[in-house]
Amino acid sequence: MPDYVEHREGVNQVGKLSAEAVVREYDAAVKEIEALGAELTEAAKKCEAMVAGVHATVNEIRELAANYREEGKRYFLQIEDCSLMTSEVRSVCETLKKKIAAGSNLAA
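Worth saying up front: this structure is predicted, and the values here are computed from it rather than measured.

Criteria and thresholds
Residues numbered from 1 in each chain as written. Predicted model: local features only at pLDDT ≥ 70, side-chain atom pairs only at ≥ 80, totals over all residues. Heavy atoms only, no water. 1 Å grid on protein atoms, 1.4 Å probe; cavity = no way out; pocket = protein on both sides within 12 Å on 5 of 7 lines; lining within 4 Å. Points joined across faces, edges and corners; volume = space filled by probe spheres on them. Nonpolar A, V, L, I, M, F, W, Y, C, P; charged D, E, K, R; others polar. Phe/Tyr/Trp six-rings, centres within 6.5 Å; stacked < 30°, edge-to-face > 60°. Lys NZ or Arg CZ within 6 Å of the ring centre and 35° of its normal. Patch = residues over 30% accessible without salt bridge, like charges linked within 9 Å, V, L, I, M, F, W, Y side chains within 5 Å. Areas by Shrake-Rupley, 256 points an atom, 1.4 Å probe, with all protein chains shown as cover. Salt bridge = Lys/Arg side-chain N within 4 Å of Asp/Glu carboxyl O. Helix = DSSP H or I, 4+ residues; strand = E, 2+ residues; numbered from the N terminus. Contact = heavy atoms within 4.5 Å. Buried < 20%, exposed > 50% of the residue type's maximum accessible area, 1.4 Å probe, protein only. Polar contact = N/O pair within 3.5 Å; in protein donor to acceptor, adjacent residues only side chain to side chain.

Asks: It is not clear to me how the layout of surface pockets should be interpreted in this structure. Could you clarify?
Replies: A water-sized probe rolled over the atoms picks out the places where empty space is left. Computed from the structure, the largest pocket encloses a volume of approximately 160 Å³. Split into classes, the residues belonging to the lining of the largest pocket amount to 5 nonpolar, 2 polar and 4 charged.

Below you can see the structure in the form of C-alpha cells.
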C-alpha cells in the first residue's frame, strides 16, 4: 500500500481491501504518468539540443555568407582597380603618341 494513505479507524476488512486495491491501481497509473513525464522531459532536452545545433549552424551560415560577400567585394574592387589602371595606361599612351606625333611634325 502506498505510504501516502492509511486506513481510518472503524473501516471493516472488505472496505480496507477495496480501498487498497483502488489506491494501488491509481498509484500504478501515477507511476505510468510520471514515466511519461520523464520521457517527455528527455524528448524536450533532445529537441533543445537540436535547436541549439540549428542556431549554431545558422550562425556559421551567416558568417560564411558574410565572408563570401566580403570576398566578392574584394574581387569587385580588384577588377575595377585593374580597369582604372588599364584606362589610365591607355590615356598615357594616347597622350604620349600625340606628343610623339606632334614632335615628328615639327622635325619635318
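Still more to cover.
Asks: What should I look at first to understand the packing of aromatic side chains in this one?
Replies: The description of an aromatic ring pair uses the distance of the two centres, along with the angle that the planes make with each other. Tallied over the full model, the rule gives 0 aromatic pairs. Over the aromatic face of Tyr-75 sits the side chain of Arg-74, whose NZ or CZ is 4.7 Å from the ring centroid.

Asks: So what exactly am I meant to see when it comes to a nonpolar patch on the surface here?
Replies: On the surface, Met-1, Tyr-4 and Val-5 cluster together into a nonpolar patch covering about 280 Å² of accessible area. With respect to the helices and strands, Val-5 occurs in the segment before helix 1 (13-107).

Asks: I keep staring at the side chain of Asp-27 and nothing clicks. Help me out?
Replies: Residue position: Asp-27 is located in helix 1. Setting aside its immediate chain neighbours within four residues, Asp-27 contacts Pro-2 and Tyr-4.

Asks: Hey, could you run me through the side chain of Glu-20 in this one?
Replies: Tracing the chain through its elements places Glu-20 in helix 1. With relative accessibility at 18%, the residue Glu-20 sits in the buried group. In terms of polar contacts, Glu-20 uses its side chain to reach the side chain of His-7, at 2.5 Å. Those residues within four positions of Glu-20 in sequence are excluded, and the remaining contacts are Met-1 and His-7.

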